[in-house]
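# Descriptive structure summary
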Amino acid sequence: MLRVLTVDDSRAVRSIVRKQIIEMGFEPVEAEDGEQGLVKLGESQIDLVLLDVTMPVLDGPGMLARMRESGNKTPVIMLTSESKRSVVAGAMKLGIDDYILKPFKPEELKSKMLAVIGAADAAADEEGVLDSGGPAPRKNGGEDGPGTSRQFVDVLVVDDMENVGRKLRTLLPQHMTMASFTSAQAGLAGCREKTCRVIMLDSELPDVTSSVLARQMRLLQPHAAILAMPLRSTNDITKEMKDQGFDDVLFKPFNQDSIDDFLLKYFDNQEILICEDNLFKVGGFHGKEDRIPIYFSRLEGLFGEALKKAASACYDEVIIDLSQAPARQEKLPRMLLEFAESSKQNGIELKLVGSQDVKKILSAFTETKSIPLFATVQEARSGASA
Amino acid sequence: MNPETIEEESAKVASWMEKVILKRVAEDKLVLPSIPSVVVKCMEFLRQSDFSFKDIAATLEKEPALAARVLRLATSAAVGGSSKLNLAEALARIGSKGLKTLLLEAAASKVFVSKDPEIAVAARKIWEHSVAVAALSRDIAALTGSKSGEAAYLGGLLHDIGKPIVAAMLLEAERQVVEVRNQKFVESPVWIEVMGRVHRKVGVAVAEKWKLPEEVTACIRDCNEYDKSDRQAIVNSVCMGNALAKQAGYVVGAVDIDDVNALVMIGRSVLGVTDDVLQKLAGDVKNRVSGLFD
């Protein structure tokens, strides 16, 4: 866990900062003045120093000067009520990484801490090994093998049971990259070194609260989706997990259905429905026949979102191109029926484009045979009869 | 010339200059640039609560260059104008705040003109720097949610208005020493040092003579440091704008880059400006400023 040393003679300031540091999932270390700060730096590995300027015994610039003289390159953010440029310019010459004026907003402290820690990590990656006076060198690469700096991975998994990563690997397509870790610490190191699209965390890791680990990882990987991996249970714990800060859940043990849903949602959901203004083109289905219900279920969800956008853009008609859609009895009419009702509620006229097979299927139901069907998109746009 | 000598010599000259200037200010004998009479008349109209743009237009017509500037601004894309406007309509379109800025900008630009070639070059550079600071200050004020964008623009534009006046005074002093007494005057690094030490007091005297709003006068007086007691103060936008303009290369004389970088670092926190925004501001400044000179 990253350690952040706050050197400030104000107990109130240290207390506020400590709270922020803990919320970010880092470990707080404190000192009342520069002398104490130097002692703390010598006692343990510190990843970042938050340094006040005016303090008794040894002030901030004095401590900073002694740190740098001894070769210590730990990143420093000046956190102070001092705003004179001569003081800050002097500190910059000694190597501060950023500056925060008190009183400060929590977001400013968080964003600057992350930026400085991130920059230090990148520099450490480039240097390979840090000087002896600086923070301890970090392990490079995941447990899958030595990694390159800022390597991209599709999925990063943290679960103390090694088999979870192995099983997931067998279910994911070969072209997808995955990094697997069995401890929170190794997972965090992986997050610092790699860029991930999805992070999956065991909801019950030993000695670590998963939601806290998720927060730490979100700070390091702000663009990744973070999923919890709880055991299947009779209770619906999805909401509980989302309340704790996870984006979604993926229940263990995995099966191909749940993995396919996961892939559709996070990696491949754009080909099922392509929207061009008020023209919705339904993509083809390629897979096992028993996956058809999931395909239609997913399509229904996407239709709902697309319809909202069309209504927001003031379209009074929507054309659904079913040329590529699988012509299946019941599934297709049922889906279209629901969509027609939603369109009507939004004051949007629905037009379809499809083959004779589609026409035949829709004609079998009273509710769907009245929806105008055209052979081509051009005909639908011009309103020519089918 | 070593830095200690420059500092020692400039301290002496600056002290002397300061005494002379303060004495002249106290006795109302400091020769400060005056605002053109047309600008004064228009400003008087603007101070009245029931002014009419027709009256202002009638006054402005006596100064064709200014009238042309108003028409050009009113028909520019920036205010979404069309090309067919009479002067009164043009004034109504740019509004009282816009007109005030335009008038003071016109008046200030004359201060940065000199018949002396040496001063003319330096003054031109100071003016370019000032226009860059003005544009940046207005943007920064807007980004921090301030509604005093025009005041920030004026504060930036006029923050160095004392410099060309001090330069002219130094030149006058130099001529007296060299030509009349046949003695050597100070070297150019001392000139710059002296100017830095006293120009703000002269600038404030100009602001008072021109009856500028207090927040603009405060920019001229205090924009060397941030006002941490009021983070949204206009002076903070100008202080940051000044540093960013220097980073973008709009400088006159030697610049302490550590000092400038420190001002930017402090300003990011004081004003809550992110690096993304700073990069955008800095990237735009050259394109924007290059189109502002007559």
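It should be emphasised that the depicted structure is a prediction, and the values quoted were computed from it without experimental measurement.

### Considerations on the overall build of chain A
Scanning chain A from terminus to terminus reveals 15 helices and 15 strands. Taking the intrachain contacts of chain A between residues at least 6 apart in sequence as the baseline, contacts between residues at least 24 apart amount to 64%. A total accessible area of about 19100 Å² is found for chain A, and carbon and sulfur atoms account for 50% of it.

### Considering the packing of aromatic side chains
Applying the stated criterion across every chain yields a total of four aromatic pairs over all chains. Here the aromatic rings of Phe-280 of chain A and Phe-303 of chain A are separated by 6.4 Å at their centres, their planes lie at 35°, and the arrangement is tilted. Placement of Phe-280 of chain A in strand E12 (residues 279-282) and of Phe-303 of chain A in helix H11 (residues 292-312) is noted, with a sequence separation of 23 residues between them. By the burial criterion, Phe-280 of chain A is buried, and Phe-303 of chain A matches it. Between the aromatic rings of Phe-51 of chain B and Phe-53 of chain B, the centroid separation amounts to 5.3 Å while the plane-to-plane angle is 80°, which identifies the pairing as edge-to-face. In textbook terms, an aromatic cluster arises when at least three aromatic residues are bridged by ring pairs, as seen for Phe-280, Phe-303 and Phe-339 of chain A.

### With respect to the nonpolar core
Leu-60, Val-70, Leu-99, Leu-103 and Trp-210 of chain B are the most contacted members of the largest nonpolar core, which has 63 residues in total. In terms of residues, this core owes the most to one element, helix H5 (residues 87-111) of chain B, which gives twelve residues. Excluding anything up to four places from it in sequence, Val-70 of chain B contacts Leu-60, Leu-87, Ala-90, Leu-91, Ile-94, Leu-99 and Leu-102 of chain B. Membership of the second largest hydrophobic core comes to 55 residues, among which are Leu-5 of chain A together with Cys-223, Ala-233 and Val-235 of chain B.

### A look at helix H3 (residues 53-60) of chain B
Two residues of an α-helix separated by three or four positions point the same way, owing to the 3.6 residues in each turn. Residues and elements named next belong to chain B. Turning to H3, its buried residues are Ile-56, Ala-57, Thr-59 and Leu-60. Along the axis of H3, the buried positions cluster into a sector of 160°, meaning they face one direction only. Tucked into the core, H3 has its buried residues touching helix H2 (37-47), helix H4 (64-74) and H5.

### Quick look at the environment of Arg-72 of chain B
The residue Arg-72 of chain B is located in helix H4 in this model. For the pair Arg-72 of chain B and Ala-90 of chain B, spaced 18 residues apart in sequence, the C-alpha separation works out to 8.8 Å.

### Description of the confidence of the model for chain A
Averaged over every residue, the pLDDT of chain A is 83; the share at 70 or more is 89%. Note on residues 126-149 of chain A: pLDDT under 50 across the span, and 42 contacts to partners over four residues away in sequence or across chains.

### Concerning the pattern of salt bridges
Inspection of the entire model under this criterion finds 26 salt bridges over all chains. Its salt-bridge partner being Lys-252 of chain A, residue Asp-202 of chain A comes within 3.2 Å of it at the nearest N-O pair. Here Asp-202 of chain A is found in strand E8 (residues 194-202), whereas its partner Lys-252 of chain A is found in the loop between strand E10 (248-249) and helix H10 (256-266), with 50 residues between them in sequence. Since its relative accessible area comes to 5%, Asp-202 of chain A is described here as buried. Residues Lys-239 of chain A and Asp-243 of chain A are paired through a salt bridge, measuring 2.9 Å at the closest nitrogen-oxygen approach. Placement of both Lys-239 of chain A and Asp-243 of chain A in helix H9 (residues 238-243) is noted, with a separation of four residues, approximately one turn of the helix. Taking the relative accessible area as the measure of exposure, Lys-239 of chain A reaches 57% and is therefore exposed. Residues participating in the shared-partner salt-bridge network are Asp-98, Glu-108 and Lys-112 of chain A together with Arg-268 of chain B.

### Here we look at the interface of chain A and chain B
Counting from both sides, the interface comprises 19 residues of chain A and, opposite them, 15 residues of chain B. Roughly 1500 Å² of surface becomes buried between chain A and chain B when both sides are summed, with 55% attributable to carbon and sulfur atoms. If you look at where chain A meets chain B, you find three salt bridges. Taken together, chain A and chain B are joined by eight residue pairs in polar contact (both at pLDDT 80 or more).

### What about the sheet that holds E8 of chain A?
All names here are of chain A. Strand order across the open sheet formed by five strands is E7-E6-E8-E9-E10, with parallel pairing between neighbours. The sheet is open, and its two edges are formed by strand E7 (178-181) and E10, each paired on a single side. Of the strand pairs in this sheet, strand E9 (residues 225-229) and E10 are connected by two bridges, and their pairing is parallel. Counted as the bridge partner of Ala-228 is Val-249 from E10. Across the sheet, helix H6 (residues 162-171) touches strand E6 (151-158), E7, E8 and E9, and the angle it forms with E7 is around 165°. Where H10 meets the sheet, it contacts E6, E8, E9 and E10, and its direction lies at approximately 145° from that of E8.

Rules behind the numbers
- Residues numbered from 1 in each chain as written.
- Chains lettered and ligands numbered in written order.
- Predicted model: local features only at pLDDT ≥ 70, side-chain atom pairs only at ≥ 80, totals over all residues.
- Heavy atoms only, no water.
- Helix = DSSP H or I, 4+ residues; strand = E, 2+ residues; numbered from the N terminus.
- Contact = heavy atoms within 4.5 Å.
- Areas by Shrake-Rupley, 256 points an atom, 1.4 Å probe, with all protein chains shown as cover.
- Phe/Tyr/Trp six-rings, centres within 6.5 Å; stacked < 30°, edge-to-face > 60°.
- Buried < 20%, exposed > 50% of the residue type's maximum accessible area, 1.4 Å probe, protein only.
- Core = buried A, V, L, I, M, F, W, Y, C linked by side-chain atoms within 4.5 Å.
- Arc of directions from axis to C-beta.
- pLDDT = per-residue confidence, 0-100.
- Salt bridge = Lys/Arg side-chain N within 4 Å of Asp/Glu carboxyl O.
- Buried area = accessible area lost by both parts, 1.4 Å probe.
- Polar contact = N/O pair within 3.5 Å; in protein donor to acceptor, adjacent residues only side chain to side chain.
- Pairing = 2+ DSSP bridges.
- Axes fitted to C-alpha atoms, helices over the stretch in contact; angles between N-to-C directions.

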